Amino acid sequence: MKKIVGKLIAASLIASTAMFTVAGCGKGAEPKTEGASAETAATDTAKHTEADTASGEKVKIYYPTYRVGAHASAAAEKEILDEFNKQFGDKIELVVEELPSDQAYVEKMKVLAASNDLPDIVEGKNGIIDLAIQNGQAADLLSYVEKDSAYKAEIGEDAIKASMRDGKLYNIPYASQLIGYFYNKDLFANAGIQPAKTWDEFMSNCEKLKAKGIVPLALMTGENAWTTNLILASIIGTDGEEGNKFMNTKNSDSYENSSVIKGLTMIQKMLKEYTTSDAIGAIYANAANNFLQENTAIIANGPWMTPDFSDPEKSKPGLDKKVGVALFPEDGIVSQFEVGFMVCTKDQAKMDAALTFLKFRTGAYAQKVMLEKGGALPLTANIEMSEEYKSENPLIGDLIKLGGAAKYKYSNLDNTAFSSVIDTFAVNYPELALGSLTPEDMAKKMTEAAAKNK
Amino acid sequence: MSHNKKWIVLFLLPAIILFSFVYAISLIVLIGTSFTDWSIGSSIHFVGIKNYIDLLRTPDFIKSILNTLIWIVLQSTIHIGIGVIFALILARKKWYFKMARTAFMIPNIISSAALGMLFLCVFNPQFGAVNNLIRLFGVKNFSHNWFMDPRTSFITVTLTWLPFAAVVAILILAEMASVDEGIYEAAKVDGASEFQTNIYVTLPMMKNIIGTATVLAATSMLQKLDIIMITTSGGPGNRTLNMPMFIYKTALSQNNFSLANTAGVYLIALGLISVVLINKIYGMGKSDV
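Residues numbered from 1 in each chain as written. Chains lettered and ligands numbered in written order. Predicted model: local features only at pLDDT ≥ 70, side-chain atom pairs only at ≥ 80, totals over all residues. Heavy atoms only, no water.

### A word on the overall build of chain A
Reasoning step 1: In terms of regular secondary structure, chain A is built from 23 helices and twelve strands.
Reasoning step 2: Within the span of chain A, comprising 454 residues, buried residues form 58% of the whole.
Reasoning step 3: For chain A, the share of sequence-separated contacts (at least 6 apart) that also reach a separation of at least 24 residues comes to 76%.
Reasoning step 4: As displayed, chain A has an accessible area near 18,100 Å², and 51% of this comes from carbon and sulfur atoms. (Helix = DSSP H or I, 4+ residues; strand = E, 2+ residues; numbered from the N terminus. Buried < 20%, exposed > 50% of the residue type's maximum accessible area, 1.4 Å probe, protein only. Contact = heavy atoms within 4.5 Å. Areas by Shrake-Rupley, 256 points an atom, 1.4 Å probe, with all protein chains shown as cover.)

Below you can see the structure in the form of structure tokens.
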């Protein structure tokens, strides 16, 4: 009854606002065995698989994905899913629902979470994991992982430790993130500069680039202000121990501190003086295009961007030879694990199948494919890069080396802040850039946004 | 119950069932939860009218109401005016009739999301057509961020839908086609010019359909979300925030479903008031003929 009421309530919201045309994930009505856990599922996996195969019926599991079309990891995702179907297609029917963007994915999962109707395998990014835990759909995967030592080694202790919540493991990461910034060596040479060691030098470099008629930074304030917020997170995360601690703290309730205000003050100057005229309101594609077309000298972004540098449809010819990668000033780097996947079913047979898929999707094979086809760094050093890959992607090797030498490691804002806080950037950065909002005012607005999160 | 009444009930039943399950129950739950404190994963607590009072003290919500009201007024006047004028021009059925009708309809058949992306490009400060056009007319190095400059954001967002009144024009054209030709011939015999015929003959006869189109245009402003989300997200600040965008953010960013549902009740109330007012203004349902 409670579930039905929940579904009706969620449906009412949708009907009242006419906001979405959300088709169901196709999960449909299914028998649910309350209290089923990943542990019992692991124990019964063989039994169920045998039974299902004997009866000739495949277990159907639902998996939505946004890694489609022009997404940087679309090719990797396709290869992984094809291989899964090849290996397990006779026992498990993987129903893939393609969603056109990260944002569409997050929105749809949040709506489905509201009606306790998340699909069997869900990525927990952008707060989806919090909702899945709150509504009781996310399964605790710890006992399953503990029992499979080979799989546990593929994920690695660090990723497991980073994903634990109150002694439970609701998500398995599929990749780690190391994010510095990419720079155009030719444009840097033209301005006579090297990657900065301090933030003062970074600003001075921007000034020198500007003096040479080169736009220094590819920034954006639309969507989640990704490239801009990586720099903001780095200014905060390298601002001594306090700043670093702040950038490694999840769901902060106050942003009114000296590190954040220092960061916003510098971002204000960058938005006013050191970026393209379309940065205010720009989406990721605009910022990326500005760097790929050599309109700007610097873009903060992850290694998944590296395939674009040699893509003639996206970049100027020869750009891949001109791009270097650097740590943020003060030897900082964004270093974290992707949130990864959750299992959101309580039906025993589906749980078994979902765990099989989860193991495949986050295991050694998938990590290697994600690295070589999608530029996503593996969870552990056990996944070795082939020599061919290393020679074709020197930036990835450089980034890993830099990561080892970094003094400050921290998460990005998407990973640490409430989604209500992330929402404030798109509407407040334009005001900050125009000077109608001071850094202090903006920090206050971020605090207010955090307080609104429920 | 007479035989006739039984048939009426039978034919009405599918619509009643559909309405009950799709709208009525949703509406009851919506209104019910607006008096509670509820988010995903939390238990529901009754809080009386607290949400209603809290919203009226929220500057963003007040701004969203004001913006929505302004857009309703603009859509009910300028948008309808454009549609009516276009319908009167097309009704002359000159050589450009079909081409103009099709061209005018194009923005209405493109999805709002695609239209949003299109306008982002058109108004892009670097390579957008608008800025390039201004540069072409001699303003060197002209660059204006139309969507994100507080001085132009509201009007730029408004321009993404205000001029595109093809649906209004087509509704009026359909109604005009049903008018007896004899009436126009009589006006001609009486020496009325084309302008006088339009003002004193055609438009009075179009009152009901213009009223209907106004209701449609006004209520469409209560659903406007995707194009705002893509172009400005309601910013800069809250300058282009409307009620659907406020509800979206409250529900999906803040996870505050009860407050979002309360804003939904306000939205429905605003819609009902708009419809009643427009009906009164146009005296719809009453025939002058």
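### Regarding the interface of chain A and chain B
Reasoning step 1: Contacts between the two partners involve 40 residues from chain A and, on the opposite side, 48 residues from chain B.
Reasoning step 2: Buried area between chain A and chain B, summed over both chains or domains, comes out near 3,600 Å², and the portion from carbon and sulfur atoms is 62%.
Reasoning step 3: At the boundary of chain A with chain B, the tally comes to one salt bridge.
Reasoning step 4: Ionic pairing is found between B:R239 and A:E431, a salt bridge with its closest N-O pair at 2.2 Å.
Reasoning step 5: Viewed at the interface, chain B and chain A are joined by ten residue pairs in polar contact (both at pLDDT 80 or more).
Reasoning step 6: Elements represented by at least two residues in the side of chain A that touches chain B include exactly α1 (2-17), α4 (102-114), α5 (128-134), α14 (284-292) and α22 (419-434) of chain A. (Buried area = accessible area lost by both parts, 1.4 Å probe. Salt bridge = Lys/Arg side-chain N within 4 Å of Asp/Glu carboxyl O. Polar contact = N/O pair within 3.5 Å; in protein donor to acceptor, adjacent residues only side chain to side chain.)

### Observations regarding helix α8 (residues 166-177) of chain B
Residues and elements named next belong to chain B.
Reasoning step 1: With twelve residues, α8 extends 16 Å from end C-alpha to end C-alpha; this agrees with the ideal 16 Å at 1.5 Å per step.
Reasoning step 2: Buried within α8 we find A166, V168, A169, I172, L173 and M176. Viewed along the axis of α8, the buried residues span an arc of 155 degrees, placing them on a single side of the element.
Reasoning step 3: For α8, the elements touching its buried residues are α3 (59-90), α4 (97-109), α10 (194-205) and α11 (207-220). (Expected span 1.5 Å × (residues − 1). Arc of directions from axis to C-beta.)

### As for the domain arrangement of chain A
Residues and elements named next belong to chain A.
Reasoning step 1: Per the domain assignment, the segments making up chain A are domain 1 (26-170 + 339-375) and domain 2 (177-337 + 391-452).
Reasoning step 2: Averaged C-alpha coordinates put domain 1 and domain 2 at centres separated by 32 Å.
Reasoning step 3: Between the two partners, domain 1 and domain 2, sit zero salt bridges.
Reasoning step 4: At the boundary of domain 1 and domain 2, one finds two residue pairs in polar contact (both at pLDDT 80 or more).
Reasoning step 5: Counting only elements with at least two residues in the side of domain 1 that touches domain 2, the list comes to α8 (157-163) and α18 (364-374).
Reasoning step 6: The element contributing the most residues to the side of domain 1 that touches domain 2 is α8, with three residues. (Domains from an automatic or database assignment.)

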